[in-house]
Amino acid sequence: MKEKNPWHTPVTIIITVIGVIAIVALVTVAVLQNRPLLQKYKYGIVLDAGSSHTALYIYEWPAEKDNNTGRVEQTHSCKVKGPGISSYAAAPWKAGESLRDCMREAKLQVPKKRHHETPLYLGATAGMRLLNKEDSSASDLVFKAVEETLQKSPFSFQGARILSGQEEGAFGWVTVNYLDDRLKQGLETTGALDLGGASTQISFVSDNYDGSESPSNAVTFRLYGNDYNLYTHSFLCYGKDQALRMTLAQQTQGSSSEISDPCFHPGYTDTRNYSVLYDSPCVSSRKPQGAPATFIHRGIGNFQQCQAFVKSVFNFTHCKYSRCSFNGVFQPLLQGPFGAFSAYYFVMNFLNLTDTSIHSLETVKEKLTSYCATPWDQLRQRYPDVKIKYLAEYCFSGTYILTLLTEGYNFTSENYSNIKFIKKIKGSDAGWTLGYMLNLTNMIPAEAPDTPILPHASYVSIVSIMAIVIFFLFILSLRPLWPRCSKQPQIV
Ligand SMILES: Nc1ncnc2c1ncn2[C@@H]1O[C@H](COP(=O)(O)OP(=O)(O)O)[C@@H](O)[C@H]1O
Ligand SMILES: [Ca+2]
């Protein structure tokens, strides 16, 4: 007699079919119910009106997560043609006009139906701080011109203003730590070093700084449930373009008609205008009396002599605090890793010195010694595509960065490798703009948001496994109903 397969009885077949349908239904409901909603994005636009140029950044984030921990990412950037808006003091309408091309690009990048709800901000930094100091009505006219252009855009224009030095430093720090996911997780934070053309910022958290010593350097935040006492300082006139003016002013005090500059390459010559050089509040008070209209600027390429001139623009004589960086400004003990961006990155990247784990401070000095001594002709031939102004100034800029970091901020051979020269973090530019927008749109909550205990994938897997286990337990519980499997002994 053929033995009957116990699984082929009508009862088990029906139970199996119902069970399989039940599992499929359960898992489908679980997956659909908890599936992330169809991704729709929101946008925000920030214009960084720097001293040397303006850049537009577009940020994007999932629509349903805007006040949560959702990732805000830079999706597009546009470099405005021409100089920074502060250079249009004599023809303010041109400042507004200069933004048109990038605004046109932004209109194409942001989906049309999101235009009206996309906030648009313009923040100006040290170039406008200096213009405002020098001629506040000229700076007002420049703002009026850029506001007129931005109001005409389809976006929700939220205003144009000058950021304070503290804001510039603090928002740069927020950007770096937000992009590195350090804030949400409450990890040790990264300090931020920003070098612009007209000012420079240093911002970091130090255990022995609670804000009581020099309160003007303190910014306190509560982000994702953690309190931060941030130290930040912005040095106006210590961006690399103004620092170069100060160094040249140092060398032209004798109102001579020719200077031999160790910060420029041998063979480099240029004719410079005294009144143009001294046309900045950073140096205007030092303009020598009876100077000729122009002077010949000749390079001699000597790193050590260059560094001596650079050092002379820092004042180390007085400090009323427990410790100072320079110019009598308080600075707590340096702590933790640092991200150095903007001109720090451009210069160190050109000099091939961004990797501080292989290029020690000593190597940087050696490299600058040989680079500064390289004849100008040779460099022009080697780098035909590099903008002449940048190429001519990399020796000065590298020397300035080294001096600012070591003599100014007190970095040493031991902690120099804590600095990382960075341009972008996970696709977004390091700089103050993202932090500024996150702050103005309240996108970083003070308290940690409630997050699901399990990620979606783990949740679905656990539900599926549980369903299968329950099904088999159910089948086992029906064992008494199963037909006998073994052959009964035959009684003869
Ligand atoms: N490729 C580059 N090489 C060297 N320097 C650069 C390069 N691109 C930009 N820079 C410099 O970076 C600085 C940017 O400063 P910016 O943000 O305009 O000024 P600030 O922040 O002081 O208002 C300027 O000194 C500019 O010349
Ligand atoms: Ca800047």
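The model shown is predicted, which means the values in this text are computed figures rather than measured ones.

### A look at the state of the cysteines
The final tally for this structure, using the stated rule, is 5 disulfides. Linked covalently through their sulfurs, Cys78 and Cys102 form a disulfide whose S-S length is 2.0 Å. On the sign convention where negative means left-handed, the S-S torsion of about -80° between Cys78 and Cys102 marks this disulfide as left-handed. Within this pair, whereas Cys78 is found in strand β3 (residues 73–79), its partner Cys102 is found in helix α3 (residues 100–109), the two being separated by 24 residues in sequence.

### Overview of the site of ligand 1
Near ligand 1 there are 17 residues, and of these Ser51, Ser52, Thr125, Ala198 and Tyr394 occur at the shortest range. Within the backbone of Ala126, one N or O atom sits 3.5 Å away from an oxygen atom of ligand 1. Taking Asp241, its side chain carries an N or O atom lying 3.0 Å from an oxygen atom of ligand 1. Expressed as a share of its isolated accessible area of 580 Å², the protein-covered part of ligand 1 is 89%. Looking at the shell around ligand 1, the elements with two or more residues in it are α7 (240–251), α10 (343–350) and α13 (388–408).

### Considering the nonpolar core
The biggest cluster of nonpolar side chains holds 68 residues, and the ones touching the most others in it are Leu193, Tyr344, Leu405 and Tyr409. Among the elements that make up this core, the one with the highest residue count is α13 (10 residues). Dropping the residues within four chain positions of it, Leu405 is found in contact with Leu193, Tyr344, Asn410, Phe411, Tyr416, Ile419 and Phe421. Membership of the second largest hydrophobic core comes to 34 residues, among which are Tyr57, Leu179, Phe221 and Ala430.

### Considering the sheet that holds strand β11 (residues 269–273)
In space, the 3 strands of this open sheet follow the order β10-β12-β11, with mixed pairing throughout. Edge positions in the sheet fall to β10 (258–261) and β11, since each has one partner strand and no second. On average, each strand axis in the sheet is inclined to that of its neighbour by 25°, with strand direction left out of account. For β10 and strand β12 (residues 294–299), the ladder comprises 4 bridges, and the chain directions are parallel. Opposite Ile259, over in β12, you have His297 as the bridge partner. Seen against the sheet, α7 touches β10, β11 and β12 and runs at an angle of roughly 120° to β10.

### Examining the packing of aromatic side chains
In total, this model carries 34 aromatic pairs according to the counting rule given. Ring centres of Trp173 and Phe221 lie 5.9 Å apart, and the angle between their planes is 5°; on these two criteria the pair is classed as stacked. On the criterion of sequence distance, the pair formed by Trp173 in helix α6 (residues 165–179) and Phe221 in strand β8 (residues 218–223) is long-range, its members being 48 residues apart. Residue classification places Phe221 among the buried residues on the basis of a relative accessible area of 16%. For the pair Tyr209 and Tyr231, a centre-to-centre distance of 5.6 Å together with 85° between the ring planes defines the contact as edge-to-face. You can see Tyr209 sitting in the loop between β7 (199–205) and β8 and its partner Tyr231 sitting in strand β9 (residues 226–236), a full 22 residues away along the chain. The class for Tyr209 is buried, based on a relative accessible area of 3%. Among the aromatic side chains, those forming a connected cluster through ring pairs are Phe235, Tyr238, Phe314, Phe316, Phe326, Phe396, Tyr400 and Tyr409.

### Looking at the sheet that holds β8
The mixed open sheet is built from 6 strands, whose spatial order is β8-β9-β7-β6-β13-β14. Single-partner strands in this sheet number two, and they are β8 and β14 (419–421). Going across the sheet, the axis of each strand differs from the next one's by a mean of 20°, ignoring polarity. Helix-sheet contacts for helix α4 (residues 126–134) involve β7 and β9, and the interaxial angle to β9 is about 55°.

### Things to note about a nonpolar patch on the surface
A cluster of nonpolar side chains, Ile465, Val469, Leu473 and Leu476, forms an exposed patch at the surface whose accessible area comes to about 380 Å². Within the element layout of this structure, Leu476 appears in helix α15 (residues 456–477).

### Quick look at helix α9 (residues 303–311)
By the burial criterion, the buried members of α9 are Phe303, Cys306, Gln307 and Val310. Summarising the axial view, the buried residues of α9 lie within an arc of 100°, below the 170-degree limit, and thus occupy one face. In this fold, the buried residues of α9 make contact with α7, α11 (361–372) and α13. Near the N-terminus of α9, the side chain that reaches the backbone nitrogen of Gln304, with its oxygen 3.1 Å away, is that of Asn302.

### Description of the packing of α11 against α13
It is the contact of α11 with α13, at a shortest axis distance of 10 Å, that shows an interaxial angle of 155°. It follows that α11 is roughly antiparallel to α13 by the angle criterion. Note that α11 runs across α13; the crossing there is left-handed. In contact with Leu361, Val364, Lys365, Leu368, Tyr371 and Cys372 of α11, α13 contributes Leu391, Tyr394, Cys395, Gly398, Thr399, Leu402 and Thr406. Class assignment for the residues of the contact of α11 with α13 results in 9 nonpolar, 3 polar and 1 charged.

Rules used in this analysis
- Residues numbered from 1 in each chain as written.
- Chains lettered and ligands numbered in written order.
- Predicted model: local features only at pLDDT ≥ 70, side-chain atom pairs only at ≥ 80, totals over all residues.
- Heavy atoms only, no water.
- Disulfide = S-S within 2.5 Å.
- Helix = DSSP H or I, 4+ residues; strand = E, 2+ residues; numbered from the N terminus.
- Near = heavy atom within 4 Å.
- Polar contact = N/O pair within 3.5 Å; in protein donor to acceptor, adjacent residues only side chain to side chain.
- Areas by Shrake-Rupley, 256 points an atom, 1.4 Å probe, with all protein chains shown as cover.
- Core = buried A, V, L, I, M, F, W, Y, C linked by side-chain atoms within 4.5 Å.
- Buried < 20%, exposed > 50% of the residue type's maximum accessible area, 1.4 Å probe, protein only.
- Contact = heavy atoms within 4.5 Å.
- Pairing = 2+ DSSP bridges.
- Axes fitted to C-alpha atoms, helices over the stretch in contact; angles between N-to-C directions.
- Phe/Tyr/Trp six-rings, centres within 6.5 Å; stacked < 30°, edge-to-face > 60°.
- Patch = residues over 30% accessible without salt bridge, like charges linked within 9 Å, V, L, I, M, F, W, Y side chains within 5 Å.
- Salt bridge = Lys/Arg side-chain N within 4 Å of Asp/Glu carboxyl O.
- Arc of directions from axis to C-beta.
- Parallel < 35°, antiparallel > 145°, perpendicular 65-115°, else oblique.
- Left-handed = near helix turned anticlockwise from the far one by under 90°.
- Nonpolar A, V, L, I, M, F, W, Y, C, P; charged D, E, K, R; others polar.

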